[in-house]
Every structure is written in structure tokens, then in C-alpha cells.
Amino acid sequence: MEQVKHFDTLLRDTVNLPQWRLDQLDDRVETIFGVLRSDAEVGALVTGKTKQGSWAHRMIIKPPKAQEYDADVLIHMTANPDWESDKGRYISSLKRALERSGYQGKVTMKTRCVRVQYANECHVDLVPYVDTPWGQRIVNRQTGEWEDSDPAGYTAWMKKRDEITHSNFRRSVRLLKYLRDHKNSFTGTPSIILTTLLGNQADSLKEFVQPGAYKNVPVTLVALMESLDDWLQARPLMPDVVDPSSPQTTFNHRWSQNSYSFFRARIHAHAAQMRDSLDEPDAEESTRKWRALFGDGFGFATTTTASASPFVVAGAAPSNGRVGRAG
């Protein structure tokens, strides 16, 4: 059974990040941006900011207990000709500006960003997005080179996936991220790869041959999962995962053959479990099967029945020993 109301409740009460935390994130980023804009050294170069990644795409979920969520922000900057031979200064200058304003000990430099750490809650990654003569670019501090990035293009691609699926694509991604982060399914697969591979399965022609294929969350989830499973099973070796907004770029450097094989096997198992739960005609038994996958947040359960699942033990440790998030 489809159990639409149970999915709505699961998303609202268990999966989604609460609105007050999103509001808090907005306030923190506004404060950071104000600090950068008022800094004597870099303030004149900072021209704007744009949400990126899960935050921009409304796909941040609650983190597992004792872990944190993250948000990415592009910091728009005017190019400084004096930094052409040392492009890493776009990153180091942001770090120093924050340290001058009281963020000492809370900021670290990463390959492409400055990370602002909030105690045991979340971190915000600030990515310099520089307006160069060749278009807007991000910086790889390790190589000292510009890198292509088209966040607006990726957002437009995401919006199209949601249009095709009647706004059920983002909800489906959140549910799969919940399985990955809270149930240790396919750990080692970054969010950008999970989102891209699942989004590639959204087919604007599907409902012509299968009316209602994207009519609600559970039906869409199963349709996308089964399509992804078919695609993966035809590819035992890790395929190129192309950035849909920048076809010359792939996300493969964030993955490995080992992680791909684990992901491929878990998607195969979960697609079968979801189909079994969806086709189950008995309401109580269907709820039990969906709950075996998504846990006690599904159907207002008070005790887990995960051990009854023929496919996976909800909350069990991953079979390959990998833990935590890698997105």
C-alpha cells in the first residue's frame, strides 16, 4: 500500500530539518556575510552570496545523533589581479577576515572553501565564487587552478526533476539520504552523486506509458529506485557520473569502485524491499514492511520490527564496516 500519510509524517517529523534550524542557519550566514563585507581587506571584493548544495535544493535532513548537518554558500567575489599567481588567497583571505572578527578557532581552510564550525551542531562552507574574465569560477587551493562550476545550472536541473515528478523528487532524495545517514545504507556515496544518479531516472515520458508513475511520494520513490536499480545492474564497473550542469565535469573523484559496488548492491536490495512494501495489500503488514526500512518514525510505531525484514536490518551496522557520512 502507498501509505501516503505515513510518508508525510515521516518526512515532517523524522527526516526534515526543522524550520527553526533553517532560520538559524539563515541568520548565521547573514552574520558571516556582514563580517566579510565590512572587512577592510576583502570587503570591497565581496559582492554577494548564494546558497548551494543541499541547502539550496531544500534537501538538508536531520543529522544522526551526535553528528552535524552542513550548508554550502557561494561567496561572490571580484577578481583581484594581484592574486592571479596565488589563487588560494581567495580562500585564505576569507579565513583571515573571519578571524579578525572573532571567529578564531572556528574556521579552517579546505580545498575549495573556508569552513565555519558551530559547536556540535553544523558547519558552513564558504566557497569563493570569483568573477573572472572567463566566467565565474571556484578555486582549488591544492592545485592553484580555477575550476568550472555552474550552481545555477544544477539548480535548474533539479527544478526540472521536481516538475517531472510533481514535486516528489526532492522528497525521494531526502528519504534516501535518511537511509544512508541514519540506517547506514550505502555509506560512502556523496549526496551529489546520489542526487544526480536518481535525478537521471526522472523521465518526462514515463507517465505516458505508466500513468500515475509519479503521483505521490511512495510511488515516485519506487519508480525512481527501480529505474536506478536497472541502470546500475547493467554496469558492474563504476560509470562516469556527469555533472548535468557542466557536461565536461564528472563527480567520480568523490567515489570509488568499492563504494560504487556497495551502493549498487544496496540499491538493488532496497528497490526490492520498497516494491514488496508498496504491493502489499494488507495495511498493517504494509506498514510493518515500510517501517522495517525506515524505522519507528514510519506509522507512529513505538517499537521496531526491523528484524522481520527479509532484506535488511534497520539500524544495523554496514556490512563492510564503513560508518558515518561521506556526502
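Residues numbered from 1 in each chain as written. Predicted model: local features only at pLDDT ≥ 70, side-chain atom pairs only at ≥ 80, totals over all residues. Heavy atoms only, no water.

Draft legend 1. Here's a closer look at the side chain of lysine 95. Summarising the element assignment, lysine 95 is placed in helix H4 (residues 89-100). Owing to a relative accessible area of 19%, lysine 95 belongs among the buried residues under this scheme. At 2.6 Å, the side chain of lysine 95 forms a polar contact with the side chain of glutamate 99. Residues contacting lysine 95, with those up to four places away along its chain left out, are Val107, Thr108, Met109 and Val114. (Helix = DSSP H or I, 4+ residues; strand = E, 2+ residues; numbered from the N terminus. Buried < 20%, exposed > 50% of the residue type's maximum accessible area, 1.4 Å probe, protein only. Polar contact = N/O pair within 3.5 Å; in protein donor to acceptor, adjacent residues only side chain to side chain. Contact = heavy atoms within 4.5 Å.)

Draft legend 2. Molecular detail of the pairing of strand E5 (residues 122-132). Counting buried positions along E5 gives ten out of eleven residues, so the element sits mostly inside the fold. In terms of strand pairing, strand E2 (residues 69-78) meets E5 through ten bridges, oriented parallel. For tyrosine 69, the partnering residue across the bridge sits in E5 and is cysteine 122. With five bridges joining them, strand E4 (residues 114-118) and E5 adopt antiparallel strand pairing. Opposite valine 116, over in E5, you have valine 124 as the bridge partner. Pairing of E5 with strand E6 (residues 135-140) involves three bridges; the strand directions are antiparallel. By the bridge assignment, aspartate 131 is partnered in E6 with glutamine 136. (Pairing = 2+ DSSP bridges.)

Draft legend 3. Here's a closer look at the packing of helix H6 (residues 169-182) against helix H7 (residues 191-199). Look at H6 against H7: their axes get within 10 Å of each other, and the N-to-C directions meet at 135 degrees. The pairing of H6 with H7 is recorded here as oblique in orientation. Handedness of the crossing formed by H6 with H7: right-handed. Between H6, through Phe169, Ser172, Val173, Leu176, Lys177 and Arg180, and H7, the contact on the second element is made entirely by Ser191, Leu194, Thr195, Leu198 and Gly199. Classifying every residue of the contact of H6 with H7 by side-chain character gives five nonpolar, four polar and two charged. (Axes fitted to C-alpha atoms, helices over the stretch in contact; angles between N-to-C directions. Parallel < 35°, antiparallel > 145°, perpendicular 65-115°, else oblique. Left-handed = near helix turned anticlockwise from the far one by under 90°. Nonpolar A, V, L, I, M, F, W, Y, C, P; charged D, E, K, R; others polar.)

The values reported here are purely geometric and, on their own, carry no functional implication.
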